[in-house]
Amino acid sequence: MTARRVLVRRYALALAELAAEKGRLDAVEQGLQRVVQAVLTDPSVRRTWYQARLSADKKVDAVRQAAGEGVEALVFQFLGVVARKGREELLPDMYEEFTLEADRIRQVVRVDVDTAAPLSEPDQEALRRMLQEMLHASGVRLSVRVNPELIGGLVVRAGDMKLDGSLSRQLARLHQQLRAAPLPQGAASMDGKAG
């Protein structure tokens, strides 16, 4: 793990644990999302946030004005720490890491799904419920992607776990089983010659 990644994780973990301790995890996540969105999309806020010569208080005030009402105070306290430590460029990564930590605290599992064809909302919801039960999670956050290389079925990844229910995988398994199966006496082999 790189030094940058360790630093990002340390900040995100501290914020997530404090927000959870105060019972404000959802509010902090929503507020942090609004703040990061403002920094990334508003050119004047972005210039102010990344301006090296500006004080931390001025940077936080600019972000506060752009994010609008209703952002959790803890978010602005966090921004103040980030700005005073000169870590402004890490904020988008801190937000991404915060969402991972928040999901971990909530016991929400992130699952990537590759499918041969798009899944309807009811199919996604059924898959989400099945995976939630199978993974003993309080929730599942699905990321579904259509993969044209799959003939049919789907491939599911959650952390280190991978479930390959694709038709391609099933055909490959069947091919291996056929190749390994002993042929009956006198039957033609796979190359067409009698065995």
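What you see is a predicted model, and the numbers here were worked out from it, not measured in a lab.

Draft legend 1. Spatial organisation of the pairing of strand 2 (residues 139–146). Both strand 1 (residues 108–115) and strand 2 contribute to a ladder of eight bridges, which runs parallel. Bridged to D112 within strand 2 is S143. Note that the unit made of strand 1, helix 7 (residues 121–134) and strand 2 has a crossover that is right-handed.

Draft legend 2. Representation of the pattern of salt bridges in the model. Enumeration according to the criterion identifies 17 salt bridges in this entry. The closest approach of N and O atoms between E88 and K59, which form a salt bridge, is 2.6 Å. Taken together, the residues span a long stretch of sequence, with E88 in the loop between helix 5 (73–84) and helix 6 (91–106) and K59 in helix 4 (residues 56–67) at a distance of 29 residues. Each of the two residues, E88 as well as K59, counts as buried. In this structure, R129 and E125 form a salt bridge, with 3.7 Å as the shortest nitrogen-oxygen distance. Of this pair, R129 and E125 both sit in helix 7, separated by four residues, roughly a single helical turn. Each of D26, E29, D103, R106, R110 and R141 takes part in one network of salt bridges that share partners.

Draft legend 3. The confidence of the model for the chain, seen in detail. Chain-level statistics for the chain give a pLDDT mean of 89 and a share of 89% at 70 or above. Considering each helix and strand of the chain separately, the mean pLDDT is smallest for helix 8 (residues 167–180), with a value of 70, and largest for helix 5, with 97.

Draft legend 4. Structural view of helix 7. Between the first and last C-alpha of helix 7 there are 20 Å, a value that for 14 residues agrees with the 20 Å anticipated at 1.5 Å per step. If you check which residues of helix 7 are buried, you get Q124, L127 and L131. All buried residues of helix 7 lie within an arc of 65° about the axis, which places them on one face of the element. Opposite the packed face of helix 7, turned more than 90 degrees from it, sit the exposed residues E121, P122, R129 and E133. In this structure, the buried side of helix 7 is in contact with strand 1, strand 2 and strand 3 (154–158). Directly beyond the C-terminal end of helix 7, a positive phi value near 55° is found at H136.

Draft legend 5. Region of the structure containing the packing of aromatic side chains. Scanning the entire structure with this criterion turns up one aromatic pair. Their ring planes at 75° and their centres at 6.3 Å tell us that Y11 and F78 sit as a pair that is edge-to-face. With Y11 in helix 1 (residues 3–21) and F78 in helix 5, this residue pair connects regions lying 67 residues apart in the sequence. Look at Y11 and you get buried, because its relative accessible area is 13%. Using a relative accessible area of 9% as the deciding quantity, one classes F78 as buried. Between the NZ or CZ atom of R64 and the centre of the ring of F76, over which it lies, the distance is 4.4 Å.

Draft legend 6. Structural context of the sheet that holds strand 4 (residues 161–164). Strand order in the open sheet made by the four strands is 2-1-3-4, with mixed pairing throughout. Bordering the open sheet on either side are strand 2 and strand 4, each of which pairs with just one other strand. Ignoring which end each strand starts from, the neighbouring axes of this sheet average 15° apart. Pairing analysis gives four bridges linking strand 3 to strand 4, with the strands arranged antiparallel. Looking at the pairing, A158 lines up with M161 of strand 4.

Definitions and cut-offs
- Residues numbered from 1 in each chain as written.
- Predicted model: local features only at pLDDT ≥ 70, side-chain atom pairs only at ≥ 80, totals over all residues.
- Heavy atoms only, no water.
- Pairing = 2+ DSSP bridges.
- Helix = DSSP H or I, 4+ residues; strand = E, 2+ residues; numbered from the N terminus.
- Right-handed = clockwise from strand over helix to strand, strands pointing away.
- Salt bridge = Lys/Arg side-chain N within 4 Å of Asp/Glu carboxyl O.
- Buried < 20%, exposed > 50% of the residue type's maximum accessible area, 1.4 Å probe, protein only.
- pLDDT = per-residue confidence, 0-100.
- Expected span 1.5 Å × (residues − 1).
- Arc of directions from axis to C-beta.
- Contact = heavy atoms within 4.5 Å.
- Phe/Tyr/Trp six-rings, centres within 6.5 Å; stacked < 30°, edge-to-face > 60°.
- Lys NZ or Arg CZ within 6 Å of the ring centre and 35° of its normal.
- Axes fitted to C-alpha atoms, helices over the stretch in contact; angles between N-to-C directions.

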